[in-house]
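# Summary of structural features
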Amino acid sequence: MADYHYDVVVIGAGPAGEGAAMNAAKKGKKVAVVEDKNMVGGNCTHWGTIPSKALRHAVKQIIQFNTNPMFREIGEPRWFSFPRVLKNAERVIAKQVKLRTEFYGRNRISVYTGNAKFADANTIDVYHGSMSNTRLHAQEIVIATGSSPWRPDNIDFTHPRIYDSDTILQLEHTPRTIIIYGAGVIGCEYASIFSGLGVKVDLIHPGDRLLNFLDDEISDALSYHLRDKGALIRHNEQFDSVEGNERYVTMVMASGKKVKADAFLWAAGRSGNTKGLGLENIGLKPNGRGQIDVDHEYRTAISNVYAVGDVIGWPSLASAAYDQGRAAAAIIASPEDFRFVDSVPTGIYTIPEISSVGKTERQLTEEKIPYEVGQAFFKNLARAQITAEGVGMLKILFHRQTLEILGIHCFGDQAAEIVHIGQAIMSQKGEGNSLKYFVNTTFNYPTMAEAYRVAALNGLNRL
C-alpha cells in the first residue's frame with residue numbers, strides 16, 4: 001500500500017471541501033483531497049445547485065419568450081420538452097468542472113479519486129470498490145462529504161416514474177402532471193420549474209404554510225404565484241405511501257386522500273453523506289440524519305477532525321458551505337482569520353426568486369422590538385418596467401428609534417443579487433447600519449437597486 005503524508009486531508013470536493021482545501025493551501029499547508037466522483041465540484045455542481053439553477057434560468061427564458069407580446073411577431077408560443085431544456089442547462093456543469101479542476105492544479109493540491117475511510121484519527125484509506133492501495137496520513141482532517149436526498153424505505157426509487165431531487169435530473173420525458181411531496185426549498189423550486197413548463201403540479205406539504213422560515217408576506221407571495229402558474233398546494237398532509245405502474249403513480253396521504261400523476265418527486269429532506277466513512281473507527285457517531293455535530297470552530301468530538309458544509313446540517317447552502325470550509329482551514333492554519341458563519345442570506349431560486357437576510361416581522365414582534373417597514377414594489381420601478389419584470393417587492397425592516405436595519409426581504413427578479421446591498425449595510429458597525437444610507441446615497445437610474453431608496457423613503461414616511 002502506498003503511503004503519503006500531508007498536513008491536511010479534505011474528504012469531499014464540493015463547495016465546503018474546496019473552501020477548506022484552497023484556504024489551507026494558500027496558508028502554506030500541504031493538502032490532499034479525496035473525492036468519490038471522477039470530477040470535482042461535488043453534488044453542488046453535478047446534481048444540485050448548478051444544474052437546477054441553470055434549468056430554472058432556461059425555463060424562465062421560455063416563460064419570457066412565450067409571454068412577451070413582442071415575440072409574437074416571430075411566431076406562436078413554443079413548447080419545450082424537459083430533456084431538451086435540461087440538455088441546455090448541462091453546458092454549465094462542464095465549465096464549472098474545468099474551472100474548479102484548474103484551481104486544484106494551480107494550488108498544487110493532490111486530488112485522489114475514490115471512497116475515503118478512516119483507519120484512525122490521522123489516517124485515511126482511499127478505496128476503489130472493496131480494495132484500497134492508497135493510505136493518506138495527516139495532522140488534520142476535514143470532512144466535507146455533503147448530503148444526499150433522504151430516502152424512506154417504503155418508497156421504490158427504482159421505479160421509472162418515482163424520483164428524488166438527484167434523479168429528477170435524469171428525467172427523459174416531460175410529464176403532463178407531477179406530484180411533489182415536500183415544500184421546502186427544493187420542492188418549491190421544482191414546483192416553479194415544472195409549472196413554468198406547463199406541467200400541472202400537486203405540491204403536497206406537511207406544514208401549514210410554505211417556507212415558514214421566511215417573512216410571512218414573502219411566503220404568501222410565493223404561494224400566490226405558484227397557484228397563479230397552475231400549481232395546487234395541499235397543506236397539512238402527511239405522506240403514507242406511493243405506488244407506480246406503467247401509466248401513472250398514485251400517492252396516498254395519511255388523511256386517506258389519493259392523488260394521481262405521471263411522475264412523483266420526493267423532496268422531503270436530505271441526509272449527511274457519512275455512510276462508509278468509517279467514523280466508528282475514530283469514535284464518531286452521526287445523528288439519525290447522518291449529520292455530524294461540531295463546535296463553534298467546526299471541530300468534531302475528535303480534536304483534529306473537522307466537519308463542514310451540508311454534512312453538519314444548517315444552513316445547507318453552497319455559499320455557507322464554502323465559507324465554513326474556509327473557516328475550518330483558518331482554525332488549522334491561521335486562527336486569527338477565523339470567522340464563524342452565522343449570518344447567511346437565504347437565496348431561493350423559485351420563479352420569481354426570493355432572498356432575505358436578518359429578522360422577519362414575526363420574529364421582531366415576538367421579541368417586542370419596535371420596528372417599522374419600508375416597501376418598494378417592483379411594478380413602480382423604471383428598470384422593472386423596462387425589463388417587464390414588475391412582479392415582486394423589496395421590504396426593509398428597521399428600528400423606529402435608531403433606524404438600524406433589522407431585516408431585508410426581497411421577492412422578484414434578481415432578488416438574490418439585490419439582497420446583498422442591504423446585507424452590506426446591515427453588517428456595518430454602530431451608526432454605519434442605518435436606513436439613512438439609502439436616502440443619502442445616489443443610486444444609478446434606472447436600476448433595481450433603486451428599490452432601496454424607494455423603500456427607505458417609504459419607511460421614513462411612516463414614522
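Only a predicted model underlies this, so the values are computations on that prediction, with no experimental measurement involved.

## Here we look at the overall build of the chain
Secondary structure assignment for the chain yields 12 helices and 22 strands. Over its C-alpha trace the chain gives a radius of gyration of 24 Å, about what one expects of a compact globule, namely 23 Å for 463 residues. For the chain, buried positions account for 53% of its 463 residues. Split by element, the accessible area of the chain, about 21700 Å² in all, is 49% carbon and sulfur.

## Things to note about the pattern of salt bridges
Pairing between side chains of opposite charge can happen when their charged atoms approach one another. Scanning the entire structure with this criterion turns up 26 salt bridges. The closest approach of N and O atoms between Arg135 and Asp125, which form a salt bridge, is 2.7 Å. Of this pair, Arg135 sits in strand 6 (residues 131-143) while Asp125 sits in strand 5 (residues 123-128); the two residues are 10 residues apart in sequence, bridging distant segments of the chain. A salt bridge links Glu217 to Lys395; the nearest nitrogen and oxygen atoms lie 2.7 Å apart. Of the two residues, Glu217 sits in helix 6 (residues 216-228) while Lys395 sits in strand 21 (residues 392-399), which places them 178 residues apart along the sequence. Owing to a relative accessible area of 30%, Glu217 belongs among the partly exposed residues under this scheme. In this structure, a network of salt bridges that share partners links the residues Arg209, Asp216, Asp220 and Arg362.

## Some details on the packing of aromatic side chains
This structure, assessed with the given rule, holds 13 aromatic pairs. Judged by centre distance (5.9 Å) and plane angle (45 degrees), the ring pair of Tyr4 and Tyr112 falls under tilted. Of this pair, Tyr4 sits in strand 1 (residues 2-11) while Tyr112 is found in strand 3 (residues 110-113), placing the two residues 108 residues apart along the sequence. Taking relative accessible area as the criterion, Tyr4 reaches 37% and is therefore assigned partly exposed. With centroids separated by 6.3 Å and ring planes inclined at 35 degrees, the aromatic side chains of Tyr190 and Phe194 adopt a geometry described as tilted. In this pair, Tyr190 and Phe194 are both assigned in helix 5 (residues 185-196), four residues apart and thus about one turn of the helix distant. Of the aromatic side chains, those joined through ring pairs into one cluster are Trp150, Tyr181, Phe239, Phe264 and Trp266. Positioned over the ring face of Tyr6 is Lys30, at 5.1 Å from the centre of the ring. One Lys or Arg, Arg289, reaches over the ring of Trp150 and ends 4.3 Å from the middle of that ring.

## Looking at helix 12 (residues 451-460)
Along helix 12, the positions that sit buried rather than exposed are Ala451, Tyr452, Ala455, Ala456 and Gly459. Axial view of helix 12: buried residues confined to an arc of 130 degrees, hence all on one face. Where helix 12 is buried, its residues contact strand 20 (371-377), strand 21, strand 22 (405-412), helix 10 (415-426) and helix 11 (436-439).

## A closer look at the sheet that holds strand 8 (residues 162-164)
Spatially, 8-15-9-10-11 is the arrangement adopted by the five strands of the open sheet, whose pairing is parallel. Whereas interior strands pair on both sides, the edge strands pair on one side only; in this sheet they are strand 8 and strand 11 (232-234). In this sheet, neighbouring strand axes are inclined to one another by 20 degrees on average, regardless of whether the strands run parallel or antiparallel. Across four bridges, the pairing between strand 9 (residues 177-181) and strand 15 (residues 263-266) is parallel. Its bridge partner lying in strand 15, Ile180 is registered against Leu265. Packing of helix 5 onto the sheet brings it into contact with strand 9, strand 10 (200-204) and strand 15, and relative to strand 10 it is tilted by some 165 degrees.

## Considerations on the packing of helix 3 (residues 49-67) against helix 5
Across the interface, helix 3 lies against helix 5 with an axial gap of 9 Å and an inter-helix angle of 35 degrees. Every pair of crossing elements has a handedness; the one defined by helix 3 and helix 5 is left-handed. Judged by residue contacts, Ser52, Lys53, Leu55, Arg56, Val59 and Ile63 of helix 3 engage Glu189, Tyr190, Ile193 and Gly196 from helix 5. Within the contact of helix 3 with helix 5, the residues separate by chemical class into five nonpolar, two polar and three charged.

## Section: the UniProt feature "domain: Pyridine nucleotide-disulphide oxidoreductase dimerisation" (unreviewed entry) in the chain
Following the UniProt record, one finds the feature "domain: Pyridine nucleotide-disulphide oxidoreductase dimerisation" (unreviewed entry) at residues 344-455. The distance from the first to the last C-alpha atom of residues 344-455 is 22 Å, and the span holds 29% helix and 28% strand.

## Looking at the sheet that holds strand 14 (residues 258-261)
Strand order in the open sheet made by the three strands is 12-13-14, with antiparallel pairing throughout. Sheet topology places strand 12 (239-244) and strand 14 at the edges, where each strand pairs with a single neighbour. Taken pair by pair, the neighbouring strands of this sheet meet at an average axis angle of 20 degrees, ignoring direction. Note: strand 13 (residues 249-253) against strand 14, four bridges, orientation antiparallel. When the sheet's bridge partners are listed, Thr250 is paired in strand 14 with Lys260.

About the thresholds
By convention here, each chain's residues receive numbers from 1 onward along its written sequence. pLDDT decides what is reported in this predicted model: residues at 70 or higher carry local features, side-chain atom pairs at 80 or more are listed and counted, and totals for whole chains, interfaces and linings draw on all residues regardless. Excluding hydrogens and water, the side-chain values take into account all heavy atoms of the structure. Helix and strand definitions here come from DSSP, where helices need a minimum of 4 consecutive H or I residues and strands a minimum of 2 consecutive E residues; each element is numbered from the N-terminal end. Radius of gyration here is computed from C-alpha atoms only, and the compact-globule reference equals 2.2 Å multiplied by the residue count raised to the power 0.38. Here's how the labels work: a residue is buried when its accessible area is under 20% of the maximum for its type, exposed when over 50%, partly exposed in between, all with a 1.4 Å probe on protein chains only. Each accessible area is a Shrake-Rupley result for a 1.4 Å probe, and residues are judged covered by the shown protein chains and nothing else. For this analysis, a salt bridge means a side-chain nitrogen from Lys or Arg found within 4 Å of a carboxyl oxygen belonging to Asp or Glu. Here a pair means two rings of Phe, Tyr or Trp (six-membered ring of Trp) with centres within 6.5 Å. Their orientation is stacked below 30 degrees between planes, edge-to-face above 60, and tilted elsewhere. Only Lys NZ and Arg CZ are tested; either one counts as a charge over a ring when it is within 6 Å of the ring centre and within 35 degrees of the ring normal. Arc definition: it is the arc formed by the directions from the helix axis to the C-beta atoms. The contact criterion used is simple: two residues touch if any of their non-hydrogen atoms lie within 4.5 Å. Two strands make a pair as long as DSSP finds a minimum of two bridges between them. To get an axis, fit a line to the C-alpha atoms, keeping to the stretch in contact for a helix; angles then go from 0 to 180 degrees between the N-to-C directions. Handedness of a helix crossing follows the sense of rotation of the near helix relative to the far helix, less than a right angle counterclockwise being left-handed and clockwise being right-handed. Charged residues are taken to be Asp, Glu, Lys and Arg, nonpolar residues to be Ala, Val, Leu, Ile, Met, Phe, Trp, Tyr, Cys and Pro, and polar residues to be all remaining types, Gly included. UniProt positions are given in the numbering used here, feature names are shortened, and annotations may be inferred rather than shown by experiment.

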